[in-house]
Amino acid sequence: MSVNGRQVRGEVEGRTLLSTFLRDHLSLTGTHVGCDTGQCGACVVHVDGVAVKSCNMLAAEASGSSVGTIEGQAAADGTLNALQQAFQDHHGLQCGFCTPGMVMSAAALLKDNPRPSEAEVRAHLEGNLCRCTGYHNIVKAVLAASGQDVSGIAAE
Amino acid sequence: MPKDSGIGASSKRREDVRFLTGAGNYTDDINIHGQAYVHFLRSDVAHGRIVSIDTAAASAMPGVVRIFTGADFEGVGGLPCGWQVTDRHGQPMAEPGHPVLAQGKVRHVGDPIAAVVADTAEQARDAAEAIGVEIEELPAVVDMKAALAGDAARVHDDLPSNLCYDWGFVEENKAAVDAAFDTAAHVTTLELVNNRLVANPMEPRVAIGDYARATGESTLYTTSQNPHVIRLLMGAFVLGIPEHKLRVVAPDVGGGFGSKIFHYAEEAFCTFAAKAINRPVKWTSSRSEAFMSDAHGRDHVTRIELALDADNNFTAIRTETLANMGAYLSTFAPSVPTWLHGTLMAGNYKTPLIYVNVKAVFTNTVPVDAYRGAGRPEATFQLERVIDKAARELGVDPIALRRQNFVTEFPYQTPVAVVYDTGDYNATMDKLEEIADIAGFAARRAASEAKGKLRGLGVNCYIEACGIAPSNLVGQLGARAGLYDAATVRVNATGSISVMVGAHSHGQGHETAFPQVVAEMLGIDESMIEIVHGDSSKIPFGMGTYGSRSLAVCGSAMVRATEKIINKAKKIAAHLMEASEADIELKGGQFTVAGTDKSVAWGDVTLAAYVPHNYPLEDIEPGLEETAFYDPSNFTYPAGAYACEVEVDPETGKVTVERFSAADDFGNIVNPMIVSGQVHGGLGQGIGQALLENCAYDPETGQLLSASYMDYAMPRADDVPFYAVDHSCATPCTHNPLGVKGCGEAGAIGSPPAVVNAVIDALQSGGKTVAHIDMPVSPSRVWAAMNG
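For clarity, every value in this text was computed on a predicted model and none was experimentally measured.

A. Summary view of the overall build of chain A. The helix and strand tally for chain A stands at five helices and five strands. Each helix and strand of chain A, ordered N terminal to C terminal, gives the series β-β-α-β-β-β-α-α-α-α. Rg of the C-alpha trace for chain A: 15 Å, near the compact-globule value of 15 Å for 156 residues, within the 12% margin. Here chain A, with 156 residues, has 58% of them falling under the buried criterion. The long-range share in chain A, meaning contacts at least 24 apart out of those at least 6 apart in sequence, stands at 57%. Summed over its atoms, the accessible surface of chain A is roughly 6000 Å², and 48% of this surface lies on carbon and sulfur atoms. Of the charged side chains in chain A, 10 are positive and 15 negative; the average position of the first set lies 2 Å away from that of the second.

B. Region of interest: the packing of aromatic side chains. Residues and elements named next belong to chain B. This model, assessed by the stated rule, comprises 25 aromatic pairs over all chains. With a centroid separation of 5.1 Å and 90° between ring planes, the pair formed by Phe68 and Phe269 is classed as edge-to-face. Residue Phe68 is located in strand S3 (residues 64-69), and its partner Phe269 is located in helix H7 (residues 265-277); the two are separated by 201 residues in the primary sequence. Owing to a relative accessible area of 0%, Phe68 belongs among the buried residues under this scheme.

C. Expanded view of the environment of Thr545(B). Residues and elements named next belong to chain B. Relative to the elements of secondary structure, Thr545 occurs in the loop between strand S23 (529-532) and helix H15 (550-576). For Thr545, a relative accessible area of 4% gives the class buried. Sequence separation between Thr545 and Gly326 is 219 residues, and the spatial gap between their C-alpha atoms is 24 Å. Aside from chain neighbours lying at most four places away, what touches Thr545 is Gln225, Ala503, His504, His506, Gln508, His510 and Ser550. At 2.8 Å, the side chain of Thr545 and the backbone nitrogen of His504 are in polar contact.

D. Broad picture of the state of the cysteines. Residues and elements named next belong to chain B. Considering all chains together, one arrives at zero disulfides over all chains under this definition. Summary of cysteine pairing: Cys81 is not part of a disulfide, and the nearest cysteine sulfur, belonging to Cys164, is at 7.6 Å. Judged by its relative accessible area of 8%, Cys81 falls in the buried class. The closest cysteine sulfur to the non-disulfide-bonded Cys729 is located on Cys461, 12 Å from its own sulfur.

E. Summary view of the environment of Leu58(A). As for its placement among the helices and strands, Leu58(A) is situated in the loop between strand S4 (50-53) and strand S5 (66-68). Sequence-distant contacts of Leu58(A), defined by excluding residues within four places in its chain, comprise Gly14(A), Arg15(A), Thr16(A), Leu17(A) and Leu18(A).

F. Highlighting the nonpolar core. Core analysis: the biggest nonpolar cluster contains 185 residues, and Phe87(A) and Phe660(B) have the highest contact counts within it. It is helix H18 (residues 746-765) of chain B that contributes the most residues to this core, 10 residues altogether. Apart from the residues within four sequence positions on either side, Phe660(B) is in contact with Tyr642(B), Ala643(B), Cys644(B), Leu683(B), Ile687(B), Pro721(B), Phe722(B), Tyr723(B), Ala724(B), Ser751(B), Ala754(B) and Val755(B). Residues Ala552(B), Ala569(B), Leu586(B) and Val600(B) belong to the second largest nonpolar core, which totals 49 residues.

G. Geometry of the pattern of salt bridges. Residue and element names in this part refer to chain B. Taken as a whole and judged by the stated rule, the model has 51 salt bridges over all chains. Where Asp299 meets Arg196, a salt bridge forms, and the shortest distance between an N and an O atom there is 2.7 Å. Taken as a pair, Asp299 in the loop between strand S14 (296-297) and strand S15 (300-308) and Arg196 in the loop between strand S8 (186-194) and strand S9 (197-198) lie far apart in primary sequence, 103 residues in all. Taking relative accessible area as the criterion, Arg196 reaches 3% and is therefore assigned buried. Across the pair Asp437 and Arg444 runs a salt bridge whose closest N-O atoms are separated by 2.8 Å. With a relative accessible area of 34%, Asp437 lands in the partly exposed category. Among the ionic contacts, a cluster of salt bridges with common partners joins Asp437, Arg444, Lys451, Arg455, Glu645, Glu647 and Arg659.

Criteria and cut-off values
- Residues numbered from 1 in each chain as written.
- Chains lettered and ligands numbered in written order.
- Predicted model: local features only at pLDDT ≥ 70, side-chain atom pairs only at ≥ 80, totals over all residues.
- Heavy atoms only, no water.
- Helix = DSSP H or I, 4+ residues; strand = E, 2+ residues; numbered from the N terminus.
- Rg over C-alpha atoms; globule rule 2.2 N^0.38 Å.
- Buried < 20%, exposed > 50% of the residue type's maximum accessible area, 1.4 Å probe, protein only.
- Contact = heavy atoms within 4.5 Å.
- Areas by Shrake-Rupley, 256 points an atom, 1.4 Å probe, with all protein chains shown as cover.
- Lys, Arg positive; Asp, Glu negative; His and termini not counted.
- Charge placed at Lys NZ, Arg CZ, Asp CG, Glu CD.
- Phe/Tyr/Trp six-rings, centres within 6.5 Å; stacked < 30°, edge-to-face > 60°.
- Polar contact = N/O pair within 3.5 Å; in protein donor to acceptor, adjacent residues only side chain to side chain.
- Disulfide = S-S within 2.5 Å.
- Core = buried A, V, L, I, M, F, W, Y, C linked by side-chain atoms within 4.5 Å.
- Salt bridge = Lys/Arg side-chain N within 4 Å of Asp/Glu carboxyl O.

This is the structure in structure tokens:
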């Protein structure tokens, strides 16, 4: 498969999850595992452009695919992309653990729906749990990243 | 005009860049060469006697290094409890042992029976399935009332009953409180449940033990809010490792909310096993394991009575609470329903007489300990619910009833020991009425009703005791630790600064906010200052982060250390400028001599300290590094007023939070953006408790019914609205140098009663005489209340 544009190969047990392959075999530890039932979304990556919970996919299923992870989101010189920058600007993260999955999930939304409504953002992120932010600033960051004016949303 | 740096600026968080690019360093991201993996075989019954454990087949499985059972830990200390409560009769609480691995009995679903260490995590898990365990099942003790019955099975055979303690506070007031009820014009009574919760930080716990045989040093990497506390507890009480041979590292930690304060068996196991097999040993919790091994929160059953005189003044409060301890005493469990709960029962009100009775109970459930707010949400919920009920019974406005009874003069000595140093509860209520647009509620209700929905408004106040805690006071109350904190300010030769702090940041943004304070004091750029935390080998002995204490306690230590730095730097500057030390002023990173144009830059002074060629070596030491320990003289008392508006669908009972507003008094604020974020997060958890979350056990078998996110309803993005938060009403704390109070727990403390008050208001508006619904206020409970 290719991961963040780089060709990688590996031989794993059939039961190895994509999240395990990314973390333990490729040392791409930005993809996090927060549950074991496919509920929390901390492990969301892109597989052939689609947001996927990587704990719910076998590594072997992604063979030959193009996989994108949080490590591949910023520019080569480290500059944050617009969505990442919006998360920082609007304090859309605290402990940071859910953040990679949140960013990857939101990126997939904005790809399909460049100017989502608040309700659409909330509905789309329903599969990504955050325990720190109460979602306020995450939703605000995603709306801001889509170019919408968020100045009217409750201060700070 | 908002500031763009220093105290009061919403500086963007510097820690975000690593978290947004996948470059964080969480404990599970750490792998040590040659590490083995442990899988814990956990009890699948709530209560039973271990008849036999057969590890022979499992030991022969591929990759298995060694299998440990309770027998391997005989002679090793158990997990200690850090707080001893004294009961109504002057007797110490019952304090059963808590072995690292079960010995003789299992006492809750998830109690670890055996631990398989293998070359890979998969091999360890496979082998654990091959262990043969025979358990003679015993009756499960689940319900607290039943647990206290004379014929109940006993969780601990060596204790006379399942009662941990029967606590009365203030015991000397009991007769006067009873008398006040006898003469009251009106008494409102409410029985309620404060539902059991699971903290659920998104990062599950992880522990890695490492042992260096050549030096005898052990290192534990762990998901902790307080590495020094873990080093003290595990080193001194469990494994007998002196501090200089034990290092505890808590790197990036993915949220804690209290659940990562405590010393857990898995930490002790990995440290112990690494030495035993002379290999690093790693454990990563699954979420299911987290549900059955992380300490739970809340789980109180309470009866509260409020007495009022004929003018609706509160005259007395009397409460009886059963508090679940679970199967063992977690690290700070006994303090939560007592000193963190009873002392807050006065709330924001001048009730002269209060008596709180708490019976703490052992059950065959996971241990219960501090979770965001810890005792204070339980106090706030019952008090603010009973006040709302009283207002309804008396036919008075609930806001007016609260205002009438507010404490308005400070300092205020409550009848429950604590002294509020400052506050202005009318100001936060005024602000709340403004930001919540309470005047516009009637129109919004009409709009909801026009579409067939009921709409309710719920308001409440809260107060909390934060900045934990004055060591001499808590020592008298049973704490077995000091609760100061510490900071070392190391100024480097070129003027940059490293600040080593005892507080631990796991989402709170200390790496951004703490430098704002030092930068303000020195007049230099924030970017010159870095915060170092989370490694006992690098930081001074501070007690970590919980109880909204980091800035109030550790921040105060940092201020004191920085003051020492300034004093010494002024001496050096005076020497360099050949002036009197008393005439030296520091402003904007420049030392000047008052009344002259002489000046010397910050960097020149710091360089002189480390290259002391022209330096008063006979008077002062070279170098520029200072440490301070700070022990607070009182708690801090953040307070505020919250409002929730809900819509209730009468067809289904579904409750939707339409608006939520919070007006808080946190004293002075260092980073408003971070403070708002802390409140948002607390509100999310409080709304979660009120509407969604419930940790449920089968009452007969003690099986944990909510052991995954399939069954435990976490709040999601579409369960909550945008919040309106305000913290402009600031009465600075009078006794710490920054005037700060702490903001981490307020949202979770203040929000559940507002939500429930709003639901009751909505149902009443629909003509339903519903007095109370227990949390979580689920559609089925609402529907049943409306149609029952």
